[in-house]
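Chain by chain, the residues:
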Amino acid sequence: MDLPDFGRHASTTMILGMLIDSSDARWPGLAAEARVADREAIQRVAEGDPDALALVYDQHIRSVFGLAMRIMQDQSDAEDVVQEVFSQVWAQATRYDVTRGSVAAWLLTMTRTRAIDKLRAERAKPDSASLPGEQAVVDVPDPAVGAEHHVLTAESATRVRAALTALPVPQRIAIELAYFEGLTQTQIAGRLEEPLGTVKTRIRAGLLKLREALHP
Amino acid sequence: MSDPRHEPFDGTSALYAIGALTAAERVTFEAHLEVCLDCVREVRSLLPVAHGLAHTAPPLDPTPALRARVLEQITGAIPAPSAAGHTGKTTPKTGAAARDTDRDDGGHTEPAGGGPGALFWLAASLVVAAAGGGGWYGAALDRRIVDLQGNVTQATEETLRLRLDAAEARAAAAERDAVLAIVTGASAQQLTLVGQPLAPRASARAVWNDATDMVFLASGLPPLPAGDVYQLWFVLPNAPVSAALLNPNDDGSATVIIDVPDTLSLPTTMAITVEPAGGVPAPTGDVYLLGQPAG
């Protein structure tokens, strides 16, 4: 029997609730002080203070480099990504919008963007072992690499890590292939030799569990 | 009776949020977002989750040399072209000046006032160009590319946010219009449902007209046990027919537009029961609300 999904007809109240939803409000506490220091540093970077850039670098390089290495799997490539990310910080600190998220999240979003761009460009080279359909996604920005930099600071990082580890392995693998390798659903299905529907279901189920873990 | 427009996109919100759609798939899904509040809501809720995955990469220390290289290159200590015979580096410019210069002319440093004359610089630039200045110019272009890539990222981010806002607004407006059209129709009829002992404060109204759409509005619904869902039924003489699943808001209210089967003639008795998530083909749980046609 077909059942209409009630959630598809969300009320205006729910919509307003979504619009005023503030991720920042969910993570008060210890990180708040660090976030203020971060924002002050970015402000100084925007004014052209090289020491402030060094400060931002020292504060965040481990997570930025860690993410770059996780995606690139190569030290030299990861270092290139780091270089590009901090170049972008230097060039665009004036445009950093404090209302949109933490500096850490901003940096990590840029890191993933740069790294996935490189990875996809590399795969698209004629002499590389490219995957079917890869050409179609090269240089096309997608939500996961260019979206709102929501706050997920150190406080929540531990929770995300634990939640990801706790996922059933097939869900975790599908999610990691999408996020850390930048593969599309079709490419993931090809890599795992699973039907598209299965991949879709696994990614959705996994993300819903992560969401649950983050916002119990 | 589920929305046929949504079915092909079931689960696509997650793929969209994590960036696992091709460009073509993304365009198609974004068109769907314009008419599907549920998908907009899911994308919004999953985007922060997808972004949170960045934190699952283990932090790593790079070599100290990277720090020197990165900061030196960025903050204006531009290495002189090695092939030109220089071994030292130019004096670092102050930040803002360096960036402005980089943006305006691709990275050229201006001779300081009172320094060597124009002929010297012309000669020097010829030497540089002849002896590997191309590499240096390439680096300047690389920096420009990084800058432009940043613009693209930022524009993409802003576009996505606005697109979700617009899609949400349009989907909400479309739903409001649909509800209004039914409720204000000249031939609108209604059936009131009354809370039963398990939900004494609950009430609901079903409004329909000659068309096949029905609006169902409920309020005062008690919070559901985890894993359960409210299910609405048309209680027909031979067997109840499922009308909709309801997941109330925090305040216990719920609104749903129901596509009434052509074969069903209204009014009919309606009831709400509590059932396992996903609903059941025939009611198994307690009745929370009940409405019977007059007479």
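Residues numbered from 1 in each chain as written. Chains lettered and ligands numbered in written order. Predicted model: local features only at pLDDT ≥ 70, side-chain atom pairs only at ≥ 80, totals over all residues. Heavy atoms only, no water.

(A) Examining the overall build of chain B more closely. Each helix and strand in chain B was counted, giving seven helices and eight strands. Within chain B, contacts between residues separated by at least 24 positions form 59% of all contacts whose residues are at least 6 apart in sequence. Summing over all exposed atoms, chain B offers an accessible surface of approximately 14,100 Å²; the carbon and sulfur share of this is 59%. (Helix = DSSP H or I, 4+ residues; strand = E, 2+ residues; numbered from the N terminus. Contact = heavy atoms within 4.5 Å. Areas by Shrake-Rupley, 256 points an atom, 1.4 Å probe, with all protein chains shown as cover.)

(B) Local environment of the side chain of Thr111(A). All names here are of chain A. Here Thr 111 shows up in helix α5 (residues 103-124). A polar atom in the side chain of Thr 111 sits 2.7 Å from the backbone oxygen of Leu 107. Residues in contact with Thr 111, not counting those within four places in the same chain, are Val 64, Leu 67, Ala 68, Val 81 and Val 85. (Polar contact = N/O pair within 3.5 Å; in protein donor to acceptor, adjacent residues only side chain to side chain.)

(C) Focus on the packing of aromatic side chains. Residues and elements named next belong to chain A. Here the structure, examined in full by the defined rule, presents six aromatic pairs over all chains. Centroid distance Tyr 57 to Phe 86: 5.0 Å. Interplanar angle 50 degrees. Geometry classified as tilted. With Tyr 57 in helix α3 (residues 50-72) and Phe 86 in helix α4 (residues 75-92), this residue pair connects regions lying 29 residues apart in the sequence. Both residues of the pair, Tyr 57 and Phe 86, count as buried. We note Arg 70 situated over the ring of Phe 180; from NZ or CZ to the ring centre the distance is 4.1 Å. One cation-aromatic arrangement involves Arg 112 over Tyr 179; the distance from NZ or CZ to the ring centre is 4.4 Å. (Phe/Tyr/Trp six-rings, centres within 6.5 Å; stacked < 30°, edge-to-face > 60°. Buried < 20%, exposed > 50% of the residue type's maximum accessible area, 1.4 Å probe, protein only. Lys NZ or Arg CZ within 6 Å of the ring centre and 35° of its normal.)

(D) Expanded view of unusual backbone geometry. At the junction of Leu266(B) and Pro267(B), the peptide bond is cis and its omega measures out at 0 degrees in the coordinates. Checked against the element boundaries, Pro267(B) lands in the loop between β6 (254-259) and β7 (269-276). Within the chain, Gln73(A) stands out as a residue other than glycine whose phi angle is a positive 60 degrees. Structurally, Gln73(A) is set in the loop between α3 and α4. With a phi close to 55 degrees, Glu193(A) is a non-glycine residue in the positive phi region. Tracing the sequence through the fold places Glu193(A) in the loop between α9 (185-192) and α10 (196-214).

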